[in-house]
Amino acid sequence: MQKVQNRYQVIVVGAGHAGCEAAHACARLGLKTAIVTMNLDLIAQMSCNPAIGGIAKGHLVREIDALGGLMGEVTDVVGIQFRLLNTSRGPAVWSPRAQCDKKQYRLRMREVLEREADLRIIQAEVAQLTISDGRVRGVDLRDGRHLAADAVVVTTGTFLNGLAHIGEQTFTCGRSGEAASNLLGDQLRNLGLEWKRLKTGTPPRLDGRSIDWSRFEKQPGDPVPTPFSFITNKIEREQVPCYVAYTTPQTHELLRHNVSRSPMYSGQIEGIGPRYCPSIEDKVVKFPDKARHQLFLEPEGLDTYEIYVNGMSTSMPIDVQTAMIASVPGLEGAEMIRPGYAIEYDAVDPRELSRSLEVRSIRGLFLGGQINGTSGYEEAACQGLMAGINAARSVGTEESVVIPRVDGYIGILIEDLVTKGADEPYRMFTSRAEFRLRLRIDNADERLTPVGRKIGLVSDDRWHLYLRKQQQKADLLERMTSTRVSAQQLGLAPEDRPTLAEWLRRPQARIAQIAGELLDDPVQGVLDSVETELKYAGYIAQQERQVARLLDSDRRPLPEDFPYFDIPGLSTEVREKLTRVRPATLGQAARVPGVTPAAIAVLDVFLGISR
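Here the structure is a predicted model, which means the values were calculated and not measured.

Engineer: Help me out: how do you make sense of the overall build of the protein in this one?
Structural biologist: Along the backbone of the protein there are 21 helices and 20 strands. Computed over the C-alpha atoms, the radius of gyration of the protein is 25 Å, within 12% of the 25 Å expected from 2.2 N^0.38 for a compact globule of 611 residues. Along the first, second and third principal axes, the C-alpha atoms of the protein reach 85 × 70 × 50 Å. The buried share of the protein, reckoned over its 611 residues, is 57%. Of all intrachain contacts in the protein linking residues separated by at least 6 positions in sequence, the fraction that spans at least 24 positions is 73%. Of the accessible surface of the protein, which amounts to about 25,500 Å², a share of 49% is contributed by carbon and sulfur atoms. When the 75 basic and 78 acidic side-chain charges of the protein are each reduced to a single mean position, those positions are 2 Å apart.

Engineer: Would you mind showing me how to read the environment of Val74 here?
Structural biologist: With respect to the helices and strands, the residue Val74 is situated in helix H3 (residues 71–78). Separated by 32 residues in sequence, Val74 and Arg106 place their C-alpha atoms 9.1 Å apart. Beyond its immediate sequence surroundings of up to four residues, Val74 is in contact with Tyr105, Arg108 and Met109.

Engineer: Is there a simple way to think about the packing of helix H10 (residues 377–395) against helix H11 (residues 409–420) in this case?
Structural biologist: Any two packed helices are characterised by the angle at which their axes cross and by the distance between the axes. Running from amino to carboxyl end, H10 crosses H11 at an angle of 85 degrees, the nearest separation of the two axes being 10 Å. Comparing their axes, H11 and H10 come out roughly perpendicular. Contact residues: H10 offers Glu379, Cys382, Gln383 and Met386, while H11 offers Ile410, Leu413, Ile414 and Leu417. Split into classes, the residues belonging to the contact of H10 with H11 amount to six nonpolar, one polar and one charged.

Engineer: Looking at this structure, I do not really get the packing of aromatic side chains. What am I missing?
Structural biologist: What characterises a pair of aromatic rings is the spacing of the ring centres plus the angle enclosed by the ring planes. Tallied over the full model, the rule gives six aromatic pairs. Seen from their ring centres, Trp213 and Phe216 are 6.4 Å apart, and the 70 degrees between their planes marks the pair as edge-to-face. Residue classification places Phe216 among the buried residues on the basis of a relative accessible area of 10%. Classification of Trp213 as partly exposed rests on a relative accessible area of 27%. Aromatic ring contacts, followed pair by pair, group Trp213, Phe216 and Tyr243 into a single cluster. Over the ring of Tyr246 we find Arg292; its NZ or CZ atom is 3.6 Å from the centre of that ring. In this arrangement the basic side chain of Arg432 is found over the ring face of Tyr426, its NZ or CZ atom lying 4.1 Å from the centre.

Engineer: Explain the pattern of salt bridges here, please?
Structural biologist: Side-chain pairing between opposite charges can occur once the charged atoms of the two side chains come close. Applying the stated criterion to the full structure yields 52 salt bridges. Where Glu111 meets Arg115, a salt bridge forms, and the shortest distance between an N and an O atom there is 3.2 Å. Accessibility expressed as a relative area gives 37% for Glu111, which makes it partly exposed. In this structure Arg115 comes out as exposed when scored by relative accessible area, which is 53%. One salt-bridge network, in which partners are shared between bridges, spans Arg355, Arg405, Glu415, Asp416, Lys420, Glu434, Asp554 and Arg591.

Engineer: Help me understand the sheet that holds strand S17 (residues 306–310), please; the structure alone is not making it clear to me.
Structural biologist: Note: strands within a sheet are paired through backbone hydrogen bonds, in either parallel or antiparallel orientation. With antiparallel pairing, the six strands of this open sheet are ordered in space as S14-S15-S16-S17-S13-S18. Two strands in the sheet have a free side with no partner beyond their single neighbour: strand S14 (217–219) and strand S18 (336–338). The average angle at which neighbouring strand axes cross in this sheet is 35 degrees, direction not considered. Examined bridge by bridge, strand S16 (residues 294–299) and S17 share four bridges and lie antiparallel to one another.

Engineer: In this structure, what is going on with the side chain of Asn390? I would like to understand it.
Structural biologist: Among the structural elements, Asn390 can be located in helix H10. Setting aside chain neighbours within four positions, we find Asn390 in contact with Ser356, Phe366, Ser400 and Val401.

Engineer: Can you help me understand helix H18 (residues 537–554) in this one?
Structural biologist: Owing to its 3.6 residues per turn, the α-helix aligns residues three or four sequence positions apart on the same side. The end-to-end C-alpha separation of H18 is 25 Å, in line with the 26 Å expected for 18 residues at 1.5 Å each. Every buried residue of H18 is accounted for by Ile540, Gln543, Val547, Leu550 and Asp554. Relative to the axis of H18, the buried residues are bounded by an arc of 80 degrees and lie together on one face. Seen from the open side of H18, the exposed residues pointing more than 90 degrees away from its buried face are Gly538, Arg545 and Arg549. In this structure, the buried side of H18 is in contact with helix H17 (526–535) and helix H20 (586–590).

Engineer: What am I meant to see in the sheet that holds strand S5 (residues 95–100) here?
Structural biologist: With respect to topology, three strands assemble into an open sheet ordered S3-S5-S4, the strand pairing being antiparallel. Edge positions in the open sheet fall to strand S3 (51–53) and strand S4 (79–85), since each of these has one partner strand only. Recorded for the sheet is a direction-independent mean angle of 15 degrees between the axes of neighbouring strands. Bridge count for S4 against S5 is six bridges, and the pairing is antiparallel. Looking across to S5, one finds that Leu84 is bridged to Pro96. Across the face of the sheet, helix H2 (residues 57–67) comes into contact with S3 and S5 while running at roughly 85 degrees to S5.

Engineer: What is the right way to read helix H4 (residues 102–114) from this model?
Structural biologist: Here H4 spans 19 Å end to end across 13 residues, near enough to the 18 Å set by a 1.5 Å rise per residue. The complete set of buried residues in H4 reads Lys102, Tyr105, Arg106, Met109, Val112 and Leu113. For H4, the angular spread of the buried residues around the axis is 125 degrees, confining them to a single face. At the N-terminal boundary of H4, the capping side chain belongs to Asp101, with an oxygen 3.3 Å from the backbone nitrogen of Lys103.

Criteria and cut-off values
- Sequence order as written defines the numbering, with residues in each chain counted from 1.
- Local features in this predicted model are restricted to residues of pLDDT 70 or higher, and side-chain atom pairs are both shown and tallied only at a pLDDT of 80 or more, whereas totals for entire chains, interfaces and linings draw on every residue.
- Neither water nor hydrogens contribute to the side-chain values; these are computed over all heavy atoms in the structure.
- Only runs of H or I of at least four residues qualify as helices and only runs of E of at least two qualify as strands under DSSP, and these elements are numbered from the N terminus.
- With C-alpha atoms as the basis for the radius of gyration, the globule rule is written as 2.2 Å multiplied by the number of residues raised to the power 0.38.
- Partly exposed residues are those whose accessible area sits between 20% and 50% of the maximum for their type, while under 20% is buried and over 50% is exposed, using a 1.4 Å probe and protein chains only.
- Throughout, a contact is declared for two residues whenever any of their heavy atoms are within 4.5 Å.
- Per-residue accessibility takes into account occlusion by the displayed protein chains alone, with areas from the Shrake-Rupley method and a 1.4 Å probe.
- Under the convention used here, Asp and Glu are negative, Lys and Arg are positive, and both His and the chain ends fall outside the count.
- Taken as the charge location is NZ of Lys, CZ of Arg, CG of Asp or CD of Glu.
- To obtain an axis, a line is fitted to C-alpha atoms, over the contacting stretch when the element is a helix, and the angle between two such axes runs from 0 to 180 degrees between their N-to-C directions.
- Angles are sorted into four bins: roughly parallel if under 35 degrees, roughly antiparallel if over 145, roughly perpendicular if 65 to 115, and oblique for all others.
- Gly falls in the polar group here, along with every residue not listed as nonpolar (Ala, Val, Leu, Ile, Met, Phe, Trp, Tyr, Cys, Pro) or charged (Asp, Glu, Lys, Arg).
- We call Phe, Tyr and Trp rings a pair once their centres come within 6.5 Å, taking the six-membered ring for Trp, and we label the pair stacked below 30 degrees between planes, edge-to-face above 60, and tilted otherwise.
- Cation placement over rings: the criterion is NZ of Lys or CZ of Arg within 6 Å of the ring centroid and within 35° of the ring normal.
- Within this document, salt bridges are pairs made up of a side-chain nitrogen of Lys or Arg and a carboxyl oxygen of Asp or Glu, the two lying within 4 Å of each other.
- A strand pair is defined by DSSP finding two or more bridges across the two strands.
- To estimate how far a helix should extend, the number of its residues minus one is multiplied by 1.5 Å.
- By construction, the arc corresponds to the directions joining the helix axis to the C-beta atoms.
- N or O atoms within 3.5 Å of each other form a polar contact, as long as, within protein, one can give a hydrogen and the other can take it, and as long as residues adjacent in sequence are counted only when both atoms are side-chain atoms.

Take a look at the structure:
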């Protein structure tokens, strides 16, 4: 029987957080795009914690928004509790987090995607990629259809040969209750790419009506919520509280007694889990001196009683999970709606990719999200956005867009992946950034909105708001450096007449004290940005000098076919590592693990000779 054929310019496989950003970007850039998912009703499903942001992850969402992506805008619409984290420390590490309404998040995301004229959403299973002459040509669906395309973005999450574990029980799935993608998983294993098994997990969900809420510490949202999107002026919805709980010695004894039944410790699970998001049984085993571990009881939405037990990720048998929950004061009578489980899945070694997220050996094939060895919605979404942008540009034979690591956490994440690989699920932290004070949440638009505008993703409304903010900022900085403080107004001595900028650098001074006199209608975030730049001007200037030195080495390109094995003075180990990674610049080569400063010096000399 002849296959039905449809042609698209870009096909996106998977409609999780990476797939949604990729498909939206391609369609917004004017390409005929299809996104293929096995279940239309679970687009952008929040399969783990229904929350967006957090330490460093909030930075990623701000950067996605600055480029013209979706995650921040959708979160602002469906968030039910907003908190700005790390405010006891400096502004470089402040990061927003929002608890979301799980159902409303996926409904809103689908609504936004369906508004894109050039995007089609298809419910089907992708059985295989069609590849010939070293280039991807489209996809074959399990129902017999063939979809042709000039580029394909694969964002399959945990679905590739997914295997779930609850105690001794195992079952194939992509998420609990959803079929795994085994046909495509088997094909990818046979494409000659290096791959590995990784693991992630999720905690049990409880019925909120069966919880004694009086036993827990209430954790409210911020009185003035911090939006994720630069185009959200303010959030005025009523917020719901979360609650703080703790495990007990009884919990720990129960887990230690049953640890042999954990698939993690019995050898049943082969995949490597995330170091920084361990299961509760892993915490108890690895930190025996801890008397208790913190848990957070978080609502899954406004129209459901389902409660997410953050901090209790587990793959223990159901009877152990039930007893473990009952050992927490206030949860003695709690009813479990869904058990926790672990899932292991296939991931491709991200060193198979270029910095555009294109597979080096297969032109037109881009990968984004957990298939590249990352963990988290935000890490997935930023990769999906960049993979989508670069897939679209590859169709038009335009140069790829690469965010330098000095300009964004997105650039750090992607360079870390393609340079170092991922031996365990990669999670973003502010500590991964060399220049944190440069990469703040308040200036993500300054760093990346001009990039998004040049690409074609940033709308006119967003661009005009950005220009208005920059004008306000310039006016404020000029006024602050030229205007003297009113000593009487601020309670200073009559002879103390610093400029507003000099006054603001004092530890107790805050721009909010004089905001009403500075601007009638400030754009969201402009006051925070001005305050930070004036208070930390010396540190920022120092970092800019360091950035200039780093950029100098990153401007020294290394050809894709650079003959490392022909260069005398390099060890065999260094030659093998550089040939494996194929760094794009001398600076990136210096960041490859195992490549010594001496080896970089040799490359520097060789590059000078070969010019």
